[in-house]
Amino acid sequence: MQIALFQPDIPQNTGTILRLCACLDVAAHIIEPAGFPVSDRHFRRAGMDYLDQVTVTRHNSWPKFQQWRNNEACRLILFTTKASGSYLDYRFGATDILLFGRESAGVPDEVASAADARVVIPIRPGLRSLNVAMSVAMALGEALRQIDAGIQETKG
């Protein structure tokens with residue numbers, strides 16, 4: 001299971017997502033250009049000291065990410081408000097990449113059409129969307145539950 005962020009533009013959200021990935025031992029991908037430098041203090045503060053504990057791959061463009069994904073033969077699952085099927089009804093696989101768009105604009109049609117599946121996190125009618133970091137947490141929690149890949153607590 002992996003997380004991909006398409007051109008993220010809010011550093012605090014990205015830092016929070018990378019912290020989540022570190023805690024759950026999930027690799028993360030940032031598809032550039034991001035709307036902030038990785039040296040941004042808000043990004044660093046949100047990620048705390050967890051940023052050194054997560055595997056992050058930066059792809060300098062959408063085509064470069066697609067090339068990498070095709071070489072790895074991973075399914076791409078796009079979380080979007082424009083989908084009709086709920087993420088709760090989708091069957092995730094261990095090698096899936098969960099893709100999340102920009103906070104300000106989502107993803108362009110080219111990216112949406114490249115996804116193997118498009119799913120939505122249902123919310124109350126009349127509201128636009130959840131915070132992307134919250135969406136990643138919900139999606140990743142469900143996907144990991146389905147594949148039973150939770151972090152096992154060590155006793156001793």
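Summarised in this report is the structure supplied together with it. Keep in mind it's a predicted model, so treat the numbers as computed, not measured.

Remarks on the pattern of salt bridges
Following the criterion strictly, the structure yields 5 salt bridges and no others. A salt bridge links Arg-102 to Asp-9, with the nearest nitrogen and oxygen atoms 3.1 Å apart. Note that Arg-102 is positioned in the loop between strand 5 (97-100) and helix 4 (109-114) and Asp-9 in the loop between strand 1 (2-6) and helix 1 (11-24), a separation of 93 residues in sequence. Assessed through its relative accessible area of 17%, Asp-9 is described here as buried.

Some details on empty space enclosed by the protein
A complete count under the given rule lists 1 cavity of 30 Å³ or more for this structure. If you go around the largest cavity, the residues you meet are Leu-5, Phe-6, Pro-8, Ile-17, Phe-100, Gly-101, Glu-103 and Val-132. Residues that form the lining of the largest cavity fall into these classes: 6 nonpolar, 1 polar and 1 charged.

Topic: the packing of aromatic side chains
For the structure on display, the rule yields 7 aromatic pairs. With 6.3 Å between their ring centres and 5 degrees between their planes, Phe-79 and Phe-92 make a pair best called stacked. Of this pair, Phe-79 sits in strand 4 (residues 76-79) while Phe-92 sits in the loop between strand 4 and strand 5, placing them 13 residues apart in sequence. Given the relative accessible area of 8%, Phe-92 is considered buried. You can call Phe-79 buried: its relative accessible area is 9%. In this structure an aromatic cluster arises from ring pairing among Phe-79, Tyr-87, Tyr-90, Phe-92 and Phe-100.

Here's the deal with the side chain of Gln-7
Here Gln-7 shows up in the loop between strand 1 and helix 1. Those residues in contact with Gln-7 that sit more than four places away from it in its chain are Ile-31, Glu-32, Pro-33, Ala-34 and Arg-102.

So, the sheet that holds strand 6 (residues 117-119)
Sheet strands pair by backbone hydrogen bonding; their relative direction is either parallel or antiparallel. With parallel pairing, the 6 strands of this open sheet are ordered in space as 3-2-1-5-4-6. Among the strands making up the open sheet, the edge pair consists of strand 3 (56-59) and strand 6. Each adjacent strand pair in this sheet contributes to an overall mean axis angle of 25 degrees, direction not counted. Sheet topology places strand 1 next to strand 2 (residues 27-31); 5 bridges connect them, and they run parallel. Bridge pairing in strand 2 places Ile-3 opposite Ala-28.

What counts and what doesn't
Residues numbered from 1 in each chain as written. Predicted model: local features only at pLDDT ≥ 70, side-chain atom pairs only at ≥ 80, totals over all residues. Heavy atoms only, no water. Salt bridge = Lys/Arg side-chain N within 4 Å of Asp/Glu carboxyl O. Helix = DSSP H or I, 4+ residues; strand = E, 2+ residues; numbered from the N terminus. Buried < 20%, exposed > 50% of the residue type's maximum accessible area, 1.4 Å probe, protein only. 1 Å grid on protein atoms, 1.4 Å probe; cavity = no way out; pocket = protein on both sides within 12 Å on 5 of 7 lines; lining within 4 Å. Points joined across faces, edges and corners; volume = space filled by probe spheres on them. Nonpolar A, V, L, I, M, F, W, Y, C, P; charged D, E, K, R; others polar. Phe/Tyr/Trp six-rings, centres within 6.5 Å; stacked < 30°, edge-to-face > 60°. Contact = heavy atoms within 4.5 Å. Pairing = 2+ DSSP bridges. Axes fitted to C-alpha atoms, helices over the stretch in contact; angles between N-to-C directions.

It is worth stressing that arrangement in space is one thing and function is another; only the former is reported here.
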